[in-house]
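Summary of structural features
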Amino acid sequence: MLFSQVLLGNVFAQPVDPDLLKLKSRLDSIQSFTTQLTLSVDISFINMPVKKAQMMYTKGQKVKFSSGDFVMLPKRGLDFSLNSLLEYDFITVDRGMEMQDGKNCKVINIIPTDKRADFSIATVWMDTRLRRLVASEINTKKDGSYTVHFQYNQDQKVLPDKVTVNFEIEKIRIPINFMGKDTDIDRKKMRAAGSKTGAIYLTMSNYQIKTLL
Amino acid sequence: MYALIKAEIFKLFRQGKTYYAIGALFSIEAIILLSAYFQGTNIIDLLLENLKQRFYFEGTLLNGNLLVYLILNTLWFHLPLILMIVVSGMLTAEYKDRTLQTIMLQPVSKWKFILSKYIVAIVFTLLVVLALALSSFGLSYFFFGKGDLVVYLNGLNFFDASDAYYRLRWSFVSGALSMVFFSVASLTIAILFKEAAKTWIVSAFFLILSNILLKVDFGDNWFNALFFAKLNDTWQYFFYYQINWEQIHFNSLLSIGYSLLFMGAGIYWFHRKDIG
């Protein structure tokens, strides 16, 4: 336990769930990885073709992306290392077991105790047998809430092959007569719609992973 | 007829206002490119402001395709206005200089004479749109490169660079039909009003009215579908996510039909009227 806490770089005031620490420890064994991303956006007021990008992760650094196209990447959901959730001091609350995506998962609340954390509470669903994340729900302080579902092709994998990120998104506000024909009917429809939910579907392929030996 | 067309081409390219008009058009294009260079990022930021809360963006939307799209928007008002002034001037200048009487003293058929003016007006219009298309693609791609296009039309539509190029090319073709309609209409207005100032005012009014009526919803009926003012945004149909080719074909044929109708009416009136 102490070893895990040292690994995390934090000294917690309250005990942290041991399964979460095991998962974090497993994720931390990954030194770096690259993968090809395929993104598809499902937001009612956005029409976008399927996009491709490369995702590059190096331990201790921010995830980087590169693409020849213009791509929109969700701010949450692509942090497979859990770094953004466990960056500052936090406590965990065990919520028991729950079925998620057809799997019996351990549910844990992560509550940050440091004001610098950009989320107020996060819930994670963990497959404790396979030591990996199945889903998470993050309530951020500024950017609303995100729900992320992870899918894996094989039991031994810790990095997901498919990720679905669901979020709430406000309707866009476009200046009048900007970028094309301004139709009153459309604006009425947009006004009535209010905030909407959206989703981004990510498919990863061709993982190149470097781990601690 | 061929000699008349040649003479009309000669006259059109001899008059100074043709070059002023073309110069004005390319100045507008240069201003759009310059303003995009200095302010383009702000415009994109404004457009994507809400999305920025949720997303990181990789790549840039300020690219040649967006610039060509912005230049395409001159098809709403600037380009037809300039074309109407030049084209109507082809006839009003002849009334003013009284060269029309001189020509009519020759063994020249009235309908052939005015038809040659219509033909040259249409060719000139197509050439100007072609020049605008070539210069806007050339300059935009040279200075801003290629990239994905974002257009706000019933939501935010993103198009891949190659798809954007395809749509932009077709919208120039479709826009050319609309420009031909306005050029033909302005020549018909010139036949009716003869005097340059009156013709320009009426032509500008016609253009403004067409733009206003385009935005008026007459309901889901035949008038809304067939009214000429409703056809002038057909080039925009290429920027809906799904291209409605059936509607575009229908509108294009109707637009050609209206151009022929205005042209026929102009030839009829010119034939009936006294030259004086």
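Residues numbered from 1 in each chain as written. Chains lettered and ligands numbered in written order. Predicted model: local features only at pLDDT ≥ 70, side-chain atom pairs only at ≥ 80, totals over all residues. Heavy atoms only, no water.

Regarding the overall build of chain B
For chain B, the count of helices and strands is eleven helices and three strands. Counting from the amino terminus, helix and strand elements in chain B follow one another as α-α-α-β-α-α-α-α-β-β-α-α-α-α. Relative to its length of 276 residues, chain B is compact, with a C-alpha radius of gyration of 21 Å against a globular reference of 19 Å. Projected onto its principal axes, the C-alpha positions of chain B cover 75 × 45 × 30 Å. Counting only residues that meet the buried cut, chain B has 52% of its 276 residues in that class. Sequence separation of 24 or more characterises 79% of the internal contacts of chain B that already satisfy a separation of 6 or more. Per element, the accessible surface of chain B, about 12800 Å² overall, is 68% carbon and sulfur. (Helix = DSSP H or I, 4+ residues; strand = E, 2+ residues; numbered from the N terminus. Rg over C-alpha atoms; globule rule 2.2 N^0.38 Å. Buried < 20%, exposed > 50% of the residue type's maximum accessible area, 1.4 Å probe, protein only. Contact = heavy atoms within 4.5 Å. Areas by Shrake-Rupley, 256 points an atom, 1.4 Å probe, with all protein chains shown as cover.)

Details of the sheet that holds strand β3 (residues 51-58) of chain A
Within a sheet, neighbouring strands are paired by backbone hydrogen bonds and run either parallel or antiparallel to one another. All names here are of chain A. Ordered by their spatial adjacency, ten strands build an open sheet running β4-β3-β1-β12-β11-β10-β9-β8-β7-β6, and the pairing between neighbours is antiparallel. Across the chains shown, the open sheet's two edge strands, defined by having one partner strand only, are β4 (64-66) and β6 (90-100). When strand polarity is set aside, the average angle formed by the axes of neighbouring strands in this sheet is 20 degrees. Both strand β8 (residues 119-127) and strand β9 (residues 132-140) contribute to a ladder of eight bridges, which runs antiparallel. Note that in β9 the partner of Phe119 across the bridge is Thr140. (Pairing = 2+ DSSP bridges. Axes fitted to C-alpha atoms, helices over the stretch in contact; angles between N-to-C directions.)

Focus on the interface of chain A and chain B
At the interface, 40 residues of chain A touch 38 residues of chain B. For the pair chain A and chain B, the summed buried surface comes to about 3600 Å²; carbon and sulfur atoms form 58% of the total. Applying the counting criterion to the chain A and chain B interface returns two salt bridges. The interface formed by chain A and chain B holds nine residue pairs in polar contact (both at pLDDT 80 or more) in total. Of all the elements in the fold, those that place two or more residues in the side of chain A that touches chain B are β2 (46-47), β4, β5 (71-74), β10 (145-151), β11 (162-169) and α4 (184-193) of chain A. For the side of chain A that touches chain B, the element with the most residues is β5 of chain A, which contributes four residues. Partitioning the side of chain A that touches chain B into residue classes produces 22 nonpolar, eight polar and ten charged. In the sheet, β2 of chain A pairs with strand β3 (residues 156-159) of chain B via two bridges, with the strands oriented parallel. (Buried area = accessible area lost by both parts, 1.4 Å probe. Salt bridge = Lys/Arg side-chain N within 4 Å of Asp/Glu carboxyl O. Polar contact = N/O pair within 3.5 Å; in protein donor to acceptor, adjacent residues only side chain to side chain. Nonpolar A, V, L, I, M, F, W, Y, C, P; charged D, E, K, R; others polar.)

Some thoughts on the sheet that holds β2 of chain A
Strand order in the open sheet made by the three strands is β2(A)-β3(B)-β2(B), with mixed pairing throughout. The sheet is open, and its two edges are formed by β2 of chain A together with β2 (149-152) of chain B, each paired on a single side.

A closer look at the side chain of Asp148 of chain B
On the secondary structure map, Asp148 of chain B appears in the loop between α7 (110-144) and β2. Since its relative accessible area comes to 3%, Asp148 of chain B is described here as buried. In contact with Asp148 of chain B, not counting residues within four places along its chain, are Lys51, Asp69 and Phe70 of chain A together with Leu61, Asn63, Phe159, Asp160 and Ala161 of chain B.

Brief notes about the environment of His149 of chain A
When you line up the elements, His149 of chain A lands in strand β10. One polar contact links His149 of chain A to Asp101 of chain A, side chain to side chain, over a distance of 3.0 Å.

Some thoughts on the confidence of the model for chain B
Residues and elements named next belong to chain B. With 100% of its residues at a pLDDT of 70 or more, chain B shows a mean pLDDT of 88. Element-level mean pLDDT values for chain B span from 75 in helix α3 (residues 49-52) up to 94 in helix α8 (residues 161-193). In the predicted assembly, ipTM is 0.77 and pTM is 0.82. (pLDDT = per-residue confidence, 0-100.)

Things to note about the confidence of the model for chain A
Residue and element names in this part refer to chain A. Looking at chain A as a whole, its pLDDT mean stands at 81, while 81% of the residues score no less than 70. Within the model, the stretch residues 1-13 combines pLDDT values under 50 with 16 contacts to residues more than four positions away or in other chains. Confidence drops under a pLDDT of 50 for residues 176-185, and excluding neighbours within four residues, the segment shows 26 contacts in the predicted structure.

Structural notes on the nonpolar core
Ranked by internal contacts, the top residues of the largest apolar core, which has 127 residues, are Leu20, Ile46, Phe80 and Ile110 of chain A together with Leu91, Phe158 and Phe239 of chain B. If one sorts the elements of this core by residue count, α7 of chain B sits on top with 14 residues. What Phe80 of chain A contacts, discounting residues up to four positions off in sequence, is Leu27, Phe33, Met55, Phe150, Leu159, Pro160, Val163, Met204 and Tyr207 of chain A. Membership of the second largest hydrophobic core comes to 14 residues, among which are Phe206, Leu213, Leu254 and Tyr258 of chain B. (Core = buried A, V, L, I, M, F, W, Y, C linked by side-chain atoms within 4.5 Å.)

Some remarks on the pattern of salt bridges
In this structure the tally under the stated criterion is 15 salt bridges over all chains. The residue Asp94 of chain A makes a salt bridge to Lys106 of chain A at a minimum N-O spacing of 3.9 Å. Note that Asp94 of chain A is positioned in strand β6 and Lys106 of chain A in strand β7 (residues 103-112), a separation of twelve residues in sequence. By relative accessible area, which is 11% here, Lys106 of chain A ends up buried. The partner of Glu94 of chain B in a salt bridge is Lys117 of chain B, with the nearest N and O atoms 2.7 Å apart. Residue Glu94 of chain B is located in helix α5 (residues 78-97), and its partner Lys117 of chain B is located in helix α7; the two are separated by 23 residues in the primary sequence. Each of the two residues, Glu94 of chain B as well as Lys117 of chain B, counts as buried.

What about the packing of helix α2 (residues 16-47) of chain B against α7 of chain B?
All names here are of chain B. Taken N-terminus to C-terminus, the directions of α2 and α7 make an angle of 25 degrees; their axes are 11 Å apart at the nearest point. Classed by the angle they form, the pair α2 and α7 counts as roughly parallel. Along this stretch, α2 crosses α7, giving a crossing that reads as right-handed. Judged by residue contacts, Thr18, Ile22, Leu25, Phe26, Glu29, Leu33, Ala36 and Tyr37 of α2 engage Phe124, Val128, Ala131, Leu132, Ser135, Ser136, Leu139, Ser140 and Phe144 from α7. (Parallel < 35°, antiparallel > 145°, perpendicular 65-115°, else oblique. Left-handed = near helix turned anticlockwise from the far one by under 90°.)

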